[in-house]
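The chain contents come next:
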Amino acid sequence: SKHCVNLDNRTANVSVKPFEFDMGFQFELHVTVSGRKINVSEIPQLPIPKDWMRDKLELNFYKTEQAAGGGEIENVTYNEGSGTAVITFLKPG
């Protein structure tokens, strides 16, 4: 973990230490439920690709199957500009 580095004719002793890279994001969603579709609004803009956000939304609503009536997802339409999404399930629930 210790190294000696030569910089501009000077020697610097450095040590390497691990760090945690926090990739998690926590945010609140506002949801309107109607049959097979859920309208999600006020999705915050995060520094992640649009596809990642769509995947996170899909996983979140698929995971709720056991606890809160989610289920298999047919489609996720995410609008980054308006901070909204429409989640369509395979079966009404």
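In short, a report on the structure. In this text the structure is predicted, and so the values were computed from the model without any measurement.

1. Structural notes on the environment of P44
Move 1: With respect to the secondary-structure elements, P44 resides in the loop between β4 (37-41) and α1 (50-63).
Move 2: Judged by relative accessible area, P44 falls into the partly exposed class, the value being 26%.
Move 3: C-alpha separation for the pair P44 and E80, spaced 36 residues apart in sequence, amounts to 8.8 Å.

2. Quick notes on unusual backbone geometry
Move 1: We note that E42 has phi near 60°; this positive angle belongs to a residue other than glycine.
Move 2: Within the secondary structure, E42 sits in the loop between β4 and α1.
Move 3: With relative accessibility at 54%, the residue E42 sits in the exposed group.

3. What about the environment of G71?
Move 1: Mapped onto the secondary structure, G71 falls in the loop between α2 (65-68) and β5 (73-79).
Move 2: Separated by 10 residues in sequence, G71 and F61 place their C-alpha atoms 7.0 Å apart.

4. Some remarks on the pattern of salt bridges
Move 1: One pass over the full model with this rule turns up 2 salt bridges.
Move 2: In this structure, the salt-bridge partner of E74 is R36, at a minimum N-O distance of 2.4 Å. Residue E74 is found in strand β5, and its partner R36 is found in the loop between β3 (30-34) and β4; the two are separated by 38 residues along the sequence.
Move 3: Among the residues examined, E74 registers a relative accessible area of 47% and is labelled partly exposed.
Move 4: D51 is the salt-bridge partner of R54, the closest N and O atoms lying 2.3 Å from each other. Taken together, the residues R54 and D51, both in helix α1 and 3 residues apart, mark about one turn of the helix.
Move 5: On the basis of relative accessibility, which here comes to 23%, the residue R54 falls in the partly exposed class.
Move 6: Look at D51 and you get partly exposed, because its relative accessible area is 45%.

The rules behind the values
- Along each chain, residue indices are assigned from 1 in the same order as the chain's sequence is written.
- Per-residue local features of the predicted model are confined to residues with pLDDT of at least 70, and side-chain atom pairs are confined, for both listing and counting, to 80 or more; whole-chain, interface and lining totals are unaffected and use all residues.
- Just so you know, side-chain values use all the structure's heavy atoms and leave hydrogens and water out.
- Put simply, DSSP marks the helices as runs of H or I at least four residues long and the strands as runs of E at least two long, and each gets a number from the N terminus on.
- Categorising residues by exposure relies on relative accessible area from a 1.4 Å probe, with only protein chains included: less than 20% of the type maximum marks a residue as buried, more than 50% marks it as exposed, and the intermediate range marks it as partly exposed.
- Any carboxyl oxygen of Asp or Glu within 4 Å of a side-chain nitrogen of Lys or Arg constitutes a salt bridge here.

No statement about biological role is implied by the geometric values presented.
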